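Observations on the three-dimensional arrangement
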Amino acid sequence: MSNKLILFCVETTKQANIDYQYIRETILHFYKEDRKIVYRPVYMESKSRYNNKTVLKEIRNKSKLFPGK
């Protein structure tokens, strides 16, 4: 079975990192940690930037670097 990558697009900044902390803690609370699943945040800095070229490029780059792809 291959590894899985889950990217979370969050509206906070990398410095604040608040949204992803809550997401990560919620996942760990309800599910057993599985080393075959890799979680990574994509910091959009605003919910209106979900279709921004920079954000889309970061998503592509993180996807390419993932060895399970």
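Everything quoted here is computed from the prediction, not taken from an experiment.

Rules behind the numbers
- Residues numbered from 1 in each chain as written.
- Predicted model: local features only at pLDDT ≥ 70, side-chain atom pairs only at ≥ 80, totals over all residues.
- Heavy atoms only, no water.
- Helix = DSSP H or I, 4+ residues; strand = E, 2+ residues; numbered from the N terminus.
- Buried < 20%, exposed > 50% of the residue type's maximum accessible area, 1.4 Å probe, protein only.
- Contact = heavy atoms within 4.5 Å.
- Phe/Tyr/Trp six-rings, centres within 6.5 Å; stacked < 30°, edge-to-face > 60°.
- Pairing = 2+ DSSP bridges.
- Right-handed = clockwise from strand over helix to strand, strands pointing away.

Points about the overall build of the protein chain
Counting its regular elements, the protein chain contains 2 helices and 2 strands. Secondary structure elements in the protein chain, listed N-terminal to C-terminal, are β-α-β-α. Dimensions of the protein chain, computed from the C-alpha atoms along their principal axes, are close to 35 × 25 × 15 Å. Expressed as a percentage of its 69 residues, the buried residues of the protein chain come to 20%. Considering only residue pairs separated by 6 or more positions, the protein chain has 62% of its internal contacts joining residues 24 or more positions apart.

Some thoughts on the packing of aromatic side chains
Counted by the stated rule, this structure contains 2 aromatic pairs. When the ring of F8 is compared with that of Y20, the centres are 6.4 Å apart and the planes differ by 50°; the resulting orientation is tilted. One end of the pair, F8, is in strand β1 (residues 4-10); the other, Y20, is in helix α1 (residues 18-30), with 12 residues separating them in the sequence. Exposure remark for Y20: the relative accessible area of 12% places this residue in the buried category. Cluster of aromatic residues (ring-pair linked, three or more members): F8, Y20 and Y39.

Concerning the pairing of β1
Pairing geometry for β1 and strand β2 (residues 37-43), over 7 bridges, is parallel. Following the sheet pairing, K4 is matched in β2 by I37. Note that the unit made of β1, α1 and β2 has a crossover that is right-handed.

Structural notes on unusual backbone geometry
For N17, which is not a glycine, the phi torsion comes out positive at approximately 55°. Examined against the element boundaries, N17 turns out to sit in the loop between β1 and α1. The backbone phi angle of E45 is positive, close to 70°, even though this residue is not glycine. Along the chain, the position of E45 falls in the loop between β2 and α2 (53-65).

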